[in-house]
Amino acid sequence: MRFLHTMVRVTDLDTALDFYCGKLGLSEARRTENEAGRYTLVFLAAPEDSAQAQSTSAPLIELTHNWEPQAYTGGRNFGHLAYEVDDIYTLCASLQAAGVTINRPPRDGRMAFVRSPDGISIELLQKGDALAPAEPWTSMENVGVW
């Protein structure tokens, strides 16, 4: 058995792609439009998984966009996606500069949480050892839920 993908429903595909690709740094591996079912599937890969994504051997995120407007609630009930990152402080600063709220700042130099435009929690974990505690993160309070 191997992990294939996690599916996340999104209400606005362009907004979701801006977050996941434009801000978080994932790339689109493939896309399927289903006219009969009235939905679009977009599969995204993390940078280190991009080479394997075309052959479906990499873990992916599947964004499912139903063309008919629907309200999705309970994003927190989904759980969360987790990504290992090279520099948690740099990524959090970049996300924050792009208008993303850092719900759980990386006070410990190891872990942070943000949310997608559709309310999906995303955990960011520092690759290797935790970074030394640093401002503004060490004194930053939690915001909202994650």
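Conventions and cut-offs
- Residues numbered from 1 in each chain as written.
- Predicted model: local features only at pLDDT ≥ 70, side-chain atom pairs only at ≥ 80, totals over all residues.
- Heavy atoms only, no water.
- Pairing = 2+ DSSP bridges.
- Helix = DSSP H or I, 4+ residues; strand = E, 2+ residues; numbered from the N terminus.
- Axes fitted to C-alpha atoms, helices over the stretch in contact; angles between N-to-C directions.
- Buried < 20%, exposed > 50% of the residue type's maximum accessible area, 1.4 Å probe, protein only.
- Arc of directions from axis to C-beta.
- Contact = heavy atoms within 4.5 Å.
- Polar contact = N/O pair within 3.5 Å; in protein donor to acceptor, adjacent residues only side chain to side chain.

Undergrad: So, the sheet that holds strand β7 (residues 111-115): which residues are in play, and what are the values?
TA: Ordered by their spatial adjacency, four strands build an open sheet running β5-β8-β7-β6, and the pairing between neighbours is mixed. The open sheet is flanked by β5 (80-85) and β6 (102-104), the only strands paired with a single partner. Recorded for the sheet is a direction-independent mean angle of 35° between the axes of neighbouring strands. Bridge count for β5 against strand β8 (residues 121-126) is six bridges, and the pairing is parallel. Directly across from Ala82, in β8, lies its bridge partner Glu123.

Undergrad: Got a sec to walk through the sheet that holds strand β1 (residues 5-9)? Specific residues and values, please.
TA: With mixed pairing, four strands are arranged side by side in an open sheet as β1-β4-β3-β2. Single-partner strands in this sheet number two, and they are β1 and β2 (27-34). Along the sheet, successive strands turn relative to each other by an average axial angle of 20°, direction set aside. One ladder, built from seven bridges, connects β2 with strand β3 (residues 39-45); its direction is antiparallel. Bridging across to β3, Arg31 finds its partner in Val42.

Undergrad: Describe helix α4 (residues 88-97), and please don't skip the residues or the numbers.
TA: Burial in α4 covers these residues: Ile88, Tyr89, Leu91, Cys92 and Leu95. Looking down the long axis of α4, one finds its buried residues gathered within 165° of arc, a one-sided arrangement. Contacts from the buried residues of α4 go to α1 (13-23), β5, β6, β7 and β8. Between a side-chain oxygen at the N-terminus of α4 and the backbone nitrogen of Tyr89 the separation is 3.0 Å; the capping residue is Asp87. Looking one or two residues past α4, Gly99 carries a phi angle of roughly 95°, positive in sign.

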